[in-house]
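Chain residues, written in single-letter form:
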Amino acid sequence: MFQAQATQTVNDLSPSRYVQHRDELVRAFRDVRQRTLTLTAPLSAEDMQLQSMPDASPGKWHLAHTTWFFEAFILQQHLPGFAWHEPAYARLYNSYYNAMGEQYPRPARGLLSRPSLDEVRHYRHAVEEAMAELLGTCADRVLAAIAPLLVLGINHEQQHQELILTDIKHAMYRNPTYPALFERPAAAGAGELRWLAVEGGVSHAGFDGGGFCFDNELPRHPVLLTDFHIANRPVNNAEWLEFMNDGAYREPLLWLSDGWSWRQENHVSAPLYWLRRDGDWQQFTLAGLQPLDLAAPVTHVSYYEADAYARWSGQRLPTEFEWEHAARSLGSPGPGADGAHCWEWTASPYMAYPGFRPASGNVGEYNGKFMINQMVLRGASRATAHGHSRPSYRNFFYPDARWQYSGLRLLRTDA
Ligand SMILES: [Fe+2]
């Protein structure tokens, strides 16, 4: 949905070389901040206030929280004498960092009509100017200390850019006029399903580059894999319709126990955002209500649904290690190829890699403390900033989550 050249450039830099690339760091910072504003430009102040469920946050909150991140982790720690732009924001816009103090309750973020959207935009601007001043004038030793946090903050803001889109989509779906916020994107022709052979053996999972990665992608470690075949593309909407038309949502033998309970309690019989109108399936998108695109990857399904589909098809979901190994060894087409349109549920629980150590300091709360009861998704979606993901990237959500662009790819067991 958008490009991210400047971010890609700094993500490729080795941290030991940050100090020699001061200008690129400033450019990437400015670039990611501007992109957030560009992305939210079509949204009104009323749109930016909406919170449709506890998991989703108002657009206005995302604007402020991504700003808080730079203010709390960089300006407060590394700019002597810097005063909070507004002391109350330290609590309002702290998401979940217990070591950074108290937090305003997440499910109630939509109640924060004050500060206004204009005040939040002013907050963004003030922090940006303070950051640019610091980055442009600080000593090299200070830059060496803050640059890793800056690059983390840039990647953090990209993650929130995706959440801005998925959160507002969820909110707009509650509006029976099904508003269109953006232009309809070009259809994604997924093509024929083919099975790609991948040789197993001892593979290595985890980040292997010299640049930026999140702490949860480390340490790189060996994993033993058998040979397998993996689909050249994710499951598409036409295939999902076959699953539905075969009565699979009503067949208990296809479902995990938790999944069956979830399906019953929530009366689930189709992916989120699918609507039956005059006998035809339609799909709510950021471009409003559209005819179901049969060739496009199915999205907005839970882990439970993905798992049931895999069982129904006689195949299974890849583990995150199989997925990563296939992405590295196959290139395109295959997992992680350019043009990916959905995050892909894997069969792997989100756990620490052997020897995992959280990032040092208070940003250590970023990933590690969530390594319980969630499942790993790999790839990237149509809402992910270009260049943000990579083969070792680990996204994670609870198994019942559906408001992300989550789909699946099959691994063949009968080859
Ligand atoms: Fe965040």
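Summary of the structure given here. Since we're looking at a predicted model, the values are computed, not measured.

What counts, and at which threshold
Residues numbered from 1 in each chain as written. Predicted model: local features only at pLDDT ≥ 70, side-chain atom pairs only at ≥ 80, totals over all residues. Heavy atoms only, no water. Pairing = 2+ DSSP bridges. Helix = DSSP H or I, 4+ residues; strand = E, 2+ residues; numbered from the N terminus. Axes fitted to C-alpha atoms, helices over the stretch in contact; angles between N-to-C directions. Contact = heavy atoms within 4.5 Å. 1 Å grid on protein atoms, 1.4 Å probe; cavity = no way out; pocket = protein on both sides within 12 Å on 5 of 7 lines; lining within 4 Å. Points joined across faces, edges and corners; volume = space filled by probe spheres on them. Salt bridge = Lys/Arg side-chain N within 4 Å of Asp/Glu carboxyl O. Buried < 20%, exposed > 50% of the residue type's maximum accessible area, 1.4 Å probe, protein only. Polar contact = N/O pair within 3.5 Å; in protein donor to acceptor, adjacent residues only side chain to side chain.

A few points about the sheet that holds strand E7 (residues 288-291)
- Here three strands make up an open sheet; going across it, the order is E5-E6-E7 and the pairing antiparallel. The open sheet has two free edges, formed respectively by strand E5 (274-277) and E7, since each of these has just one partner strand. With direction set aside, neighbouring strand axes in the sheet form an average angle of 40°.
- Across four bridges, E5 lies against strand E6 (residues 280-285) in antiparallel orientation. By the bridge assignment, Arg277 is partnered in E6 with Asp280.
- Across the sheet, helix H6 (residues 140-173) lies against E5 and E6, angled at about 130° from E6, the strand it touches most.

Description of empty space enclosed by the protein
- Within the structure shown, the criterion is met by three cavities of 30 Å³ or more.
- As a volume, the largest cavity reaches approximately 80 Å³.
- For the largest cavity, the lining is made up of 15 residues, of which Leu50, Ser57, Gly59, Asp167 and Ile168 are closest to its centre.
- Of all elements in the fold, only helix H3 (59-78) and H6 reach the threshold of two or more residues within the lining of the largest cavity.
- At four residues, the largest contribution of residues to the lining of the largest cavity is made by H6.

Focus on the pattern of salt bridges
- Tallied over the full model, the rule gives 19 salt bridges.
- Residue Arg402 is joined to Glu305 by a salt bridge in which the shortest nitrogen-to-oxygen separation is 3.1 Å. On the criterion of sequence distance, the pair formed by Arg402 in the loop between strand E10 (395-397) and strand E11 (406-407) and Glu305 in helix H9 (residues 303-313) is long-range, its members being 97 residues apart. When sorted by exposure, Arg402 lands in the same class as Glu305, which is buried.
- A single salt-bridge network, built from bridges that share partners, covers Asp208, Glu320, Glu324, Arg328, Arg378 and Arg394.

Some remarks on helix H7 (residues 237-245)
- For H7, the complete set of buried residues consists of Asn237, Glu239, Trp240, Leu241, Phe243 and Met244.
- On its buried side, H7 packs onto E5, E6 and H9.
- Among the residues of H7, the N-terminal cap falls to Asn236, whose side-chain oxygen and the backbone nitrogen of Ala238 are separated by 3.1 Å.
- Downstream of H7 by a residue or two, Gly247 has a phi angle that is positive, lying close to 80°.

Quick word on the pairing of E6
- Hairpin connection of E5 to E6: two residues between the antiparallel strands, including Asp278 at a positive phi of 50°.
- In terms of strand pairing, E6 meets E7 through four bridges, oriented antiparallel. Of the residues in E7, the one forming a bridge with Thr285 is Gly288.
- In this antiparallel pair of consecutive strands, E6 and E7, the connection spans two residues.

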